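# Survey of secondary and tertiary structure
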Amino acid sequence: MITPVILCGGSGTRLWPLSRKSYPKQFVPLVGETTLFQGSARRMTGEGFDKPVVITNSDFRFIVTEQLTEVGIDPGAILIEPEGRNTAPAVLAAALHLHAKDPEAIMLVAPSDHVVPDAAAFQAAVRVGLEAVEAGQLVTFGIKPTRAETGYGYLELSGQPDGRPVALKRFVEKPDAARAEEMVAAGSFMWNAGIFLFKAKDIIAAFEKYAANLMTPVQNALDAGTVDLGFCRLGPDAWAGAEDISIDYAVMEKADNLSVVPFDGGWSDLGGWDAVWRENDKDENGVLLSGEATSIDCENSLLRSDSDRMEIVGIGLKNVMAVAMNDAVLIADMDRAQDVKKAVDALKKKGAAQATHFPKDHRPWGWFESLVIANRFQVKRIHVHPGAALSLQSHHHRAEHWIVVEGTAEVTIDDKVQLVTENQSVFIPLGAVHRMKNPGKVPMVLIEVQTGSYLGEDDIIRYEDVYSRGQGAKG
């Protein structure tokens, strides 16, 4: 059996404003109806595949389980990184975890935010790689280039690809345009997809040989891990001692037992809005429209609205990408797609919340979004899943008014429990211990009006929580 190991901690800043640190691109439908994460998980299911191991962070843990359940995948182990330390510690943690259960475990490591339209072809390539894995090789997958791309690293093969595993000659950093043209013409260079197949014991041996400094902190983090609600939280103190380094730099560029399986079934890392434009169906003028978007005499452009309250209209645009959300709008030349990261950096410097925080805040019980924020009041829309409940909590600095607009809420205020239905409201005084629950079988939606001297999400004291969160904004 092959165990998929899905790396699910990136922030995808080049797809801002849709992708942000608090809710990155892997959890969003960008190509097709499912999210990138769901697509990644689904193409590694079926005959020969075990339950996935997902490596993510605390804020995404419930999103991961929810999205896997939505597509009928039973979550396996979910390892929670206390902080991002790049791919090398993450892969090593998964390898040590699997090796402890099965010394012959085979792991397929893949990012959670790539697009591979032909899942059958991908699985066929994985089966080709198993031959090399059984011989003790570390296998990586090389993508046949379709253009002289300067945004990807490349793999130079020791010979021309013939569909079988080929020995890797060397890794090549992202090239300039002229060098990219030369490599594509040569035919022996492939894009580096960052997808790997190997036995857990073989990658552990490679770490011991080439990155031994990672072994102790990562093993200690696993040993100090705590389990709650099926998640394994790695020990934070030990994890902090692991070097922040990619698996390519730590191991792969040094190892002498690497094989490459060529793959030409279609692939994209969706590393920018230009990639989203390429991977989706467009109209006869080369225009991609998403959401509440209208095009008039536009060519080769992307117009996208991710808000039902924001209509975006393009007139006479050529080679332009325009993305609108409730709190931010991006407009840029398509050729500058890789520079969107610069915009995020500029927003961070000026302290703009839009740089990292998504307007819709996802929680294990549902989500909320702020509709109005002022000096001493805030208005939110809160969506609670059927059967879900918020924590039993209180606030030091604010009172709250709840107005149910869809479904029914079971509301606890101190010692009183009551049902509040559509068009009814309830007041929660400052300092009152309270809880909101959806006892029904349909989503419950309410409007919350907060009033007080401080309205930050960290003004919360949790007394009970079915999701085992601690104190703080998200726990």
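Residues numbered from 1 in each chain as written. Predicted model: local features only at pLDDT ≥ 70, side-chain atom pairs only at ≥ 80, totals over all residues. Heavy atoms only, no water.

- For the protein chain, the name recorded in an unreviewed UniProt entry is mannose-1-phosphate guanylyltransferase, with Marivivens donghaensis as its organism.
- Of the comments in the UniProt record for the protein chain, the one headed Catalytic activity (unreviewed entry) reads "alpha-D-mannose 1-phosphate + GTP + H(+) = GDP-alpha-D-mannose + diphosphate".
- Taken verbatim from the UniProt record of the protein chain, the Sequence similarities (unreviewed entry) comment is "Belongs to the mannose-6-phosphate isomerase type 2 family." (UniProt positions renumbered as here; feature names shortened; annotations may be inferred.)

### Thoughts on the overall build of the protein chain
- Each helix and strand in the protein chain was counted, giving 11 helices and 28 strands.
- For a compact globule of 475 residues, the expected C-alpha radius of gyration is about 23 Å, and the protein chain comes in at 24 Å, within 12% of that figure.
- Taking the principal axes of its C-alpha atoms as reference, the protein chain extends roughly 75 × 60 × 40 Å.
- For the protein chain, with 475 residues in total, the buried portion stands at 52%.
- Expressed as a percentage of contacts within the protein chain between residues at least 6 apart in sequence, the contacts between residues at least 24 apart total 68%.
- Between the centroid of the 47 positive side chains of the protein chain and the centroid of its 64 negative side chains there is a distance of 2 Å. (Helix = DSSP H or I, 4+ residues; strand = E, 2+ residues; numbered from the N terminus. Rg over C-alpha atoms; globule rule 2.2 N^0.38 Å. Buried < 20%, exposed > 50% of the residue type's maximum accessible area, 1.4 Å probe, protein only. Contact = heavy atoms within 4.5 Å. Lys, Arg positive; Asp, Glu negative; His and termini not counted. Charge placed at Lys NZ, Arg CZ, Asp CG, Glu CD.)

### Some words on the packing of aromatic side chains
- Tallied over the full model, the rule gives 12 aromatic pairs.
- Lying across the ring of W277, K282 places its NZ or CZ 4.7 Å from the centre.
- Positioned above the aromatic ring of W367, the side-chain terminus of K360 is 4.1 Å from the ring centre. (Phe/Tyr/Trp six-rings, centres within 6.5 Å; stacked < 30°, edge-to-face > 60°. Lys NZ or Arg CZ within 6 Å of the ring centre and 35° of its normal.)

### Points about the pairing of strand β16 (residues 320-324)
- For β16, the tally of buried residues reaches five of five residues, placing the bulk of the element in the interior.
- In terms of strand pairing, strand β14 (residues 302-305) meets β16 through four bridges, oriented parallel. Across the sheet, the residue bridging to L303 is A322, located in β16.
- Across five bridges, β16 lies against strand β17 (residues 329-333) in antiparallel orientation. Opposite V323, over in β17, you have L330 as the bridge partner.
- Remark: four residues form the turn of the hairpin made by β16 and β17, two consecutive strands paired antiparallel. (Pairing = 2+ DSSP bridges.)

### Considering the packing of helix α3 (residues 87-101) against helix α6 (residues 200-210)
- Between α3 and α6, the shortest axis-to-axis distance is 9 Å and the interhelical angle comes to 130 degrees. In this view, α3 runs oblique relative to α6, as classed from their interaxial angle. Helix-helix and strand crossings are classified by hand; for α3 and α6 the assignment is left-handed. In this structure, α3 contributes A88, L92, A95, L96 and H99 to the contact, and α6 contributes A200, K201, I203, I204 and F207.
- Split into classes, the residues belonging to the contact of α3 with α6 amount to eight nonpolar, one polar and one charged. (Axes fitted to C-alpha atoms, helices over the stretch in contact; angles between N-to-C directions. Parallel < 35°, antiparallel > 145°, perpendicular 65-115°, else oblique. Left-handed = near helix turned anticlockwise from the far one by under 90°. Nonpolar A, V, L, I, M, F, W, Y, C, P; charged D, E, K, R; others polar.)

### Concerning a positive patch on the surface
- Positive charge collects at one region of the surface, where K21, K174, K341 and K348 lie side by side.
- Within the secondary structure, K174 sits in the loop between β7 (166-172) and α5 (177-186). (Patch = residues over 30% accessible without salt bridge, like charges linked within 9 Å, V, L, I, M, F, W, Y side chains within 5 Å. Areas by Shrake-Rupley, 256 points an atom, 1.4 Å probe, with all protein chains shown as cover. Salt bridge = Lys/Arg side-chain N within 4 Å of Asp/Glu carboxyl O.)

### Considering the UniProt feature "domain: Nucleotidyl transferase" (unreviewed entry) in the protein chain
- The positions that UniProt labels "domain: Nucleotidyl transferase" (unreviewed entry) are, in the present scheme, residues 4-284.
- Here residues 4-284 runs as 34% helix and 21% strand, with 39 Å between its end C-alpha atoms.

### Topic: the environment of V420
- Residue position: V420 is located in strand β24 (residues 416-421).
- Looking at V420, the relative accessible area reads 2%, which means it is buried.
- Each C-alpha atom of the pair V420 and M436 lies 10.0 Å from the other, and the pair is 16 residues apart in sequence.
- Excluding its chain neighbours within four sequence positions, the residues that come into contact with V420 are V404, G407, T408, A409, V411, S425 and V426.

### Regarding a nonpolar patch on the surface
- On the surface, I296, V313 and I315 cluster together into a nonpolar patch covering about 270 Å² of accessible area.
- Within the fold, I315 resides in strand β15 (residues 312-315).
- Judged by relative accessible area, I315 falls into the exposed class, the value being 59%.

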